[in-house]
There are 2 protein chains.
Amino acid sequence: MLAYTPPTIEQRFVLDHVVRIDELAGHNAFSDATADLVDAIVEGAGAFALAEYAPLNRIGDMVGAVWNDGTVTMPAGFREAYRALVDNGWGTIVGPKDAGGQGLPFTLGTIVLEDLGTANMAFTLCNMLTAGAVEALAVHGSEELQTTYLPKLVSGEWTGTMNLTEPQAGSDVGALRSTAKPVGDGSWLIAGTKIFITFGEHDLTENIVHLVLARTPDAPPGTKGISLFLVPKLRPDAQGAFTEPNDVRCVSIEHKLGIHASPTCVLSFGDNGDCRGWLVGPELGGMRAMFTMMNNARLNVGLQGIQIGERATQEAISYARDRIQGQPIIEHPDVRRMLLRMKSLTQAARSLVYAAAGEVDRAHLGVEGAKARVDLLTPLAKAYGTDAGCEIASLGVQVHGGMGFIEETGAAQHYRDIRIAPIYEGTNGIQAADLVGRKLTGDGGAALKALIDEVRAEAAGEVHLMALVDAVAVATDWLLTTEVNDRLAGSYPFLDMVSVMTCGWLMARQGRVAAEMLKSGSGDPAFLKAKTVTTRYYLDYLVPEALGKAAAATAGSSLLYELTIEELAA
Amino acid sequence: MLAYTPPTIEQRFVLDHVVRIDELAGHNAFSDATADLVDAIVEGAGAFALAEYAPLNRIGDMVGAVWNDGTVTMPAGFREAYRALVDNGWGTIVGPKDAGGQGLPFTLGTIVLEDLGTANMAFTLCNMLTAGAVEALAVHGSEELQTTYLPKLVSGEWTGTMNLTEPQAGSDVGALRSTAKPVGDGSWLIAGTKIFITFGEHDLTENIVHLVLARTPDAPPGTKGISLFLVPKLRPDAQGAFTEPNDVRCVSIEHKLGIHASPTCVLSFGDNGDCRGWLVGPELGGMRAMFTMMNNARLNVGLQGIQIGERATQEAISYARDRIQGQPIIEHPDVRRMLLRMKSLTQAARSLVYAAAGEVDRAHLGVEGAKARVDLLTPLAKAYGTDAGCEIASLGVQVHGGMGFIEETGAAQHYRDIRIAPIYEGTNGIQAADLVGRKLTGDGGAALKALIDEVRAEAAGEVHLMALVDAVAVATDWLLTTEVNDRLAGSYPFLDMVSVMTCGWLMARQGRVAAEMLKSGSGDPAFLKAKTVTTRYYLDYLVPEALGKAAAATAGSSLLYELTIEELAA
């Protein structure tokens, strides 16, 4: 395993100058988030992850989760590390106070997940999914369900899962066929098969709480007929003790390109007609509850790009310092270019995801405009964050040269692990569709135009960024007036442009702050100088590239449909 | 295994309109390359590869080459398929006639390698390396070596390898330490360890012919002190029969991200002081001989991007037609965008690599300017071809959605396999350095300016392409006058721009020809219509993106060196 250092100074800097965490802590609801506590979390989570999760990254890849006759066994060391996480309370940051949580800002939960995932992306999916289940239950669950399940999920004593996908229903969730029939005692009989269930079975904890989308009798077709159910692996017996197996079976796990330590399960519910579930939220309210889970999950997936980006960048810098070809290869201009690109992209993606997380907290506080902003930033954070992660991991392989292709180095594992991120929690294409659909036309462009204005106000003097803002504004107007297929045809390049514009804005601000701090002699000079360079690199190198997407964003759909399917295949 | 169809119509079209194969066949030396023979090779190689190499692609990945105590065993079926290749004479296309080859254009050898590699990239490396050994021996070997070894290599009865890299000497070949000492009988005693030796050991053939770079006694340091030796696995006994083991041992093979069916060997020469080699070319002439091997090898590696690109594109189109999410996903605009991008990029890269191959043949014929053109196009073909291959394979994973991350689908294998191509045979960064160094400043920009003029003359009416030509011209002038680190700092984005300009030129020409043929009613209408769309897509979507690199190409190196190594790591 190569060394890495948790990026605590950088995290704290972005919390201060992008999220403005002190402003958040000024609100009553987050008054616990004092500067000292924030420091303790940033330092503590990084140290914990490095000590407990990082050493398991390679064994997790090589051995992976192992399925045998319905059980899934994690590699040696995972149970102990997970136990340490629970014992140290690292799962409790965001959870509600009355369920044993600390009720701290979502942004601080983001920091913890980032650190865990930089150490071990595959393992951390377990924490990510549990966080989503907590959120869904806390918002939509009945008091009884909350009392029974939330404390164990918040502590991490039990883990949570999200059960959407079925073989015929992936991006098209409305096509799902799993069923729920009322028993009469408040419980429902669940039947169906779900695929791609992350940590759907494992031996880290005694119980697993599945949140399952299913159709109730006579439900309308499509997404309107879907309800959400809580289906525990072990259900309560007459005394309320969780001892009864609940007729949920892990039929198999997938053989995947990466994240081998994350068991991707096929779960079969109700094979013996005895799988009990309980409604979360109202009947037919499944999609709304699912989106609660999913929106934060999308930010957390965007965060995975940063996790891998940080790790791959540090490892590449370390390798390039040590590897001599004539001179240390870090002295070669093109190697410098790759390293600076990796570092700059990682920081840009971090500022975008943190900014979105900060808006989640502001929306929670009811700050005006925050909900619209987080809705807008979510598809950007998910898609741009994960695309950046893939590019950075690939550059990491490249910097290692021939050694990058050898599995022992670890660079290849990052490249494999991160490739799932542009796919799950809504493919990046779906994020782009969400951006030009619900997020753009849903409010007639108001949220995006507000963002554009804000960027413009801060971008004075940045020639490339101003050009990009103008191009985004032009594309926005065009997309708002054209028809749906034209919008979708340009959605992906448009998403890129808006993402880079947003990152450029946040990077420009960070660069200014860093320069001022350097001048005034406050802060870590090496870090601040690096920040002035990574932000300048982003503005002068990455921003112009995004301008090259403008033609595609507004080209319309006609060329895409000029060929019949048969001609396309010719 | 998913179905694919060898792209024979496309290959023939590019041969006709980019390579102008009929013009090549007009020369005496290539008069055997009649239209009928070209058809037979294009059809035959595709059919052979599909029947014999393709079925082994997945087992090659899953089982891979297996090392045991110095031997390497290929997966079941590989020996038989390789035997069929030899029996059918598919290795003999390019080889010299007096050694049993057909002496046909290099371009036709390119077609054969493309087909084999589309079927099975890892396996085809064996053929690729043998072709390189044939070339080196045919150009630089003594008559005796040629008589003894060439016929067996040309037929494929024996295979060849290329031994450059040592643990401390990768891109910096001059740092190698292997030694050669004269025995007195014309042979040399070879000693040293080589790493990353593709097909350095296997059980496909009885003998393996290693071409090994080593230092002779009192040789000067660096690349000037290097000589090339032929070191067979089995050497001739007193009767000239190849029965004697030659003290070469495969110490281990690498555990790699992809191309598992290609054993990447650590070879130890002369552990027992009894490894014999014979000089290829003059003493201290190793670098020149190596470049003979390597230049064609670089084109062949660029070709691997096309191999994977073609396969991944066809599989993605096939999946997108069958996969229903509401409707077949191929109906979604963003899926169309991805498929069209994949197809367009594959065709663009193909036209670039074929164009370079055609110039290899013209250089062989002594056509004026051809040598300079192939020298210029080689780094473009290698780097752009392989980068395109990686992007296409990644898009292929994306089109498959969640299934793309599951190994059974095959999309992930392409993504893993192709990732080596930007690294080996000189990393793409080294290609970029070669472009702005030897290839640009070596002749004061003459070859590139000749290309620019040629593109400009054919690009009238193509707005984006003309803008790119202008940008390349400006960058060229700047690079020619600035200092070396500035040149290297901009080398990679510059390489991208020049590559896309060249591809845009060739795509524009193909689009015009296709439109004319459609109008006149000749050729396959579905193919031709698709060609008008893929070329248009390239010109309107891909070319503008390359313009976005102009800022980085001419930004100079100062920002890259503003940080000390410590600050970069901060």
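Residues numbered from 1 in each chain as written. Chains lettered and ligands numbered in written order. Predicted model: local features only at pLDDT ≥ 70, side-chain atom pairs only at ≥ 80, totals over all residues. Heavy atoms only, no water.

The name an unreviewed UniProt entry assigns to chain A is 3-methylmercaptopropionyl-CoA dehydrogenase, from the organism Sphingomonas paeninsulae. In the Catalytic activity (unreviewed entry) part of its UniProt record, chain A is described as follows: "3-(methylsulfanyl)propanoyl-CoA + oxidized [electron-transfer flavoprotein] + H(+) = 3-(methylsulfanyl)acryloyl-CoA + reduced [electron-transfer flavoprotein]". What the UniProt record of chain A gives under Sequence similarities (unreviewed entry) is the line "Belongs to the acyl-CoA dehydrogenase family." (UniProt positions renumbered as here; feature names shortened; annotations may be inferred.)

(A) Representation of the relation of the copies chain B and chain A within the structure. In screw terms, the move from chain B to chain A is a rotation of 180° and a rise of 0.0 Å along the axis, fitting with an RMSD of 0.0 Å. With respect to symmetry, the two chain copies, as superposed, fit the operation of a two-fold axis. Using C-alpha coordinates, one finds that chain B approaches the rotation axis most closely at Gly 548 of chain B, a distance of 2.3 Å. Most of the interface of chain B is mirrored in chain A, where 100% of its interface residues again form contacts. (Least-squares fit on C-alpha atoms with pLDDT ≥ 70 in both. Contact = heavy atoms within 4.5 Å.)

(B) Up close: the environment of Glu 43 of chain A. When you line up the elements, Glu 43 of chain A lands in helix H3 (residues 35-53). Accessibility expressed as a relative area gives 47% for Glu 43 of chain A, which makes it partly exposed. (Helix = DSSP H or I, 4+ residues; strand = E, 2+ residues; numbered from the N terminus. Buried < 20%, exposed > 50% of the residue type's maximum accessible area, 1.4 Å probe, protein only.)

(C) Region of the structure containing the interface of chain B and chain A. Counting residues at the interface gives 85 residues for chain B, matched by 85 residues for chain A. A salt bridge links Glu 566 of chain A to Arg 321 of chain B; the nearest nitrogen and oxygen atoms lie 3.1 Å apart. Connecting chain B to chain A are 38 residue pairs in polar contact (both at pLDDT 80 or more). Broken down by element, the side of chain B that touches chain A gets its largest block of residues, 11 residues, from helix H18 (residues 525-547) of chain B. (Salt bridge = Lys/Arg side-chain N within 4 Å of Asp/Glu carboxyl O. Polar contact = N/O pair within 3.5 Å; in protein donor to acceptor, adjacent residues only side chain to side chain.)

(D) Just the state of the cysteines, in detail. Residues and elements named next belong to chain B. Counting across every chain of the model gives zero disulfides over all chains. Cys 275 takes part in no disulfide bond, and the closest cysteine sulfur to it belongs to Cys 250, at a distance of 14 Å. We classify Cys 275 as buried; its relative accessible area is 0%. (Disulfide = S-S within 2.5 Å.)

(E) Structural detail: unusual backbone geometry. Residue and element names in this part refer to chain A. A positive phi angle, near 50°, is found at Asp 69, a position not held by glycine. Of note, Asp 69 is situated in the loop between strand S1 (66-68) and strand S2 (71-73). Of note, the phi angle at Asp 218 is positive, near 60°, even though the residue is not glycine. As for its position among the elements, Asp 218 is in the loop between strand S6 (208-215) and strand S7 (226-232).

(F) Fine view of the side chain of Thr 8 of chain A. Residue and element names in this part refer to chain A. By the element assignment, Thr 8 lies in helix H1 (residues 8-19). For Thr 8, a relative accessible area of 14% corresponds to the buried category. Leave out the neighbours within four places in its chain, and Thr 8 touches Val 42 and Glu 43.

(G) Fine view of the domain arrangement of chain A. Residues and elements named next belong to chain A. With domains assigned, chain A is organised as domain 1 (8-155), domain 2 (160-284) and domain 3 (427-558). A straight line from the C-alpha centre of domain 1 to that of domain 2 covers 23 Å. Across the boundary between the two partners, domain 1 contributes 31 residues, which contact 30 residues of domain 2. Summing the contributions of domain 1 and of domain 2, the shared interface buries around 2700 Å²; its carbon and sulfur component is 72%. Among the residues of domain 1 in contact with domain 2, Val 72, Leu 129 and Tyr 149 are the three that bury the most area, contributing 22% of the side total. Remark: the boundary between domain 1 and domain 2 carries one salt bridge. Close ionic contact of Asp 69 with Arg 249 constitutes a salt bridge, the shortest N to O distance being 3.3 Å. Going through the elements one at a time, helix H4 (57-62), S1, S2, helix H5 (78-87), helix H7 (121-140) and helix H8 (143-155) are the ones with two or more residues in the side of domain 1 that touches domain 2. Considering every element that reaches the side of domain 1 that touches domain 2, the biggest residue donor is H7, with 11 residues. Its residues placed into classes, the side of domain 1 that touches domain 2 shows 19 nonpolar, nine polar and three charged. (Domains from an automatic or database assignment. Buried area = accessible area lost by both parts, 1.4 Å probe. Nonpolar A, V, L, I, M, F, W, Y, C, P; charged D, E, K, R; others polar.)

(H) Layout of the packing of helix H1 (residues 8-19) of chain B against helix H6 (residues 106-119) of chain B. Residues and elements named next belong to chain B. Direction vectors running N to C along H1 and H6 enclose 150°, while the axes themselves pass 12 Å from each other. Comparing their axes, H6 and H1 come out roughly antiparallel. The crossing of H1 and H6 is right-handed. Each of Gln 11, Leu 15 and Val 19 in H1 lies in contact with H6, whose residues at this interface are Thr 107, Leu 108, Ile 111, Glu 114 and Asp 115. When its residues are assigned to classes, the contact of H1 with H6 shows four nonpolar, two polar and two charged. (Axes fitted to C-alpha atoms, helices over the stretch in contact; angles between N-to-C directions. Parallel < 35°, antiparallel > 145°, perpendicular 65-115°, else oblique. Left-handed = near helix turned anticlockwise from the far one by under 90°.)

(I) Highlighting the packing of helix H15 (residues 463-481) of chain B against helix H17 (residues 491-520) of chain B. All names here are of chain B. Packing of H15 against H17 brings their axes to within 10 Å, and their N-to-C directions diverge by 140°. Once H15 is placed against H17, the crossing between them reads as left-handed. Between H15 and H17, the contacting residues are Leu 465, Leu 468, Val 469, Ala 471, Val 472, Ala 475, Thr 476 and Leu 479 on the first element and Phe 494, Met 497, Val 498, Val 500, Met 501, Gly 504 and Trp 505 on the second. For the contact of H15 with H17, the per-class residue count stands at 13 nonpolar, two polar and no charged.

(J) Molecular detail of the UniProt feature "domain: Acetyl-CoA dehydrogenase-like C-terminal" (unreviewed entry) in chain A. In this numbering, the UniProt entry assigns the feature "domain: Acetyl-CoA dehydrogenase-like C-terminal" (unreviewed entry) to residues 464-563 of chain A. Segment residues 464-563 of chain A splits into 81% helix and 0% strand. End C-alpha atoms: 36 Å apart.

(K) Region of interest: the pattern of salt bridges. Residues and elements named next belong to chain A. This model, assessed by the stated rule, comprises 74 salt bridges over all chains. The partner of Arg 12 in a salt bridge is Asp 39, and the shortest N-O contact between them spans 2.5 Å. Taken as a pair, Arg 12 in helix H1 and Asp 39 in helix H3 lie far apart in primary sequence, 27 residues in all. One salt bridge in this structure joins Arg 416 and Glu 407, with 3.0 Å as the shortest N-O distance. No difference in accessibility class separates Arg 416 from Glu 407, as the two residues are buried. Members of the salt-bridge network, linked through shared partners, are Glu 10, Glu 114, Glu 310, Arg 350 and Lys 531.

(L) Looking closely at helix H11 (residues 370-399) of chain A. The largest bend along H11 of chain A reaches roughly 30° and is located at Leu 377 of chain A, with the proline Pro 379 of chain A sitting one to four residues downstream. The element H11 of chain A is largely enclosed, with a buried count of 25 among its 30 residues. (Bend = angle between axes of the 7 residues up to and from the residue.)

(M) Molecular detail of the packing of aromatic side chains. Taken as a whole and judged by the stated rule, the model has 21 aromatic pairs over all chains. A connected cluster of aromatic rings, assembled from ring pairs, spans Phe 48, Tyr 53, Phe 78, Trp 90 and Phe 123 of chain A. Here the guanidinium or amino end of Arg 419 of chain A rests over the ring plane of Tyr 415 of chain B, the centre of that ring lying 5.7 Å away. Just above the ring of Trp 505 of chain A sits the side chain of Arg 509 of chain A; from NZ or CZ to the centre is 5.3 Å. (Phe/Tyr/Trp six-rings, centres within 6.5 Å; stacked < 30°, edge-to-face > 60°. Lys NZ or Arg CZ within 6 Å of the ring centre and 35° of its normal.)

(N) Quick peek at the pairing of strand S7 (residues 226-232) of chain B. Residue and element names in this part refer to chain B. In terms of burial, S7 is a largely internal element, seven of the seven residues being buried. Bridging between strand S6 (residues 208-215) and S7 involves seven bridges; their strand directions are antiparallel. Bridging from a neighbouring strand, His 210 pairs with Val 231 of S7. (Pairing = 2+ DSSP bridges.)

(O) Summary view of a nonpolar patch on the surface. The grouping of Met 62, Val 63 and Val 66 of chain A at the surface amounts to a nonpolar patch, some 270 Å² of accessible area in total. Here Met 62 of chain A shows up in helix H4. (Patch = residues over 30% accessible without salt bridge, like charges linked within 9 Å, V, L, I, M, F, W, Y side chains within 5 Å. Areas by Shrake-Rupley, 256 points an atom, 1.4 Å probe, with all protein chains shown as cover.)

(P) Region of the structure containing the side chain of Ser 227 of chain B. Residues and elements named next belong to chain B. Its location among the elements puts Ser 227 in strand S7. Assessed through its relative accessible area of 0%, Ser 227 is described here as buried. Of the polar contacts made by the side chain of Ser 227, one reaches the backbone nitrogen of Leu 284; its length is 2.7 Å. Every residue in contact with Ser 227, bar those within four places of it in the chain, is listed here: Val 212, Leu 213, Ala 214, Thr 216, Leu 279, Glu 283, Leu 284 and Gly 286.

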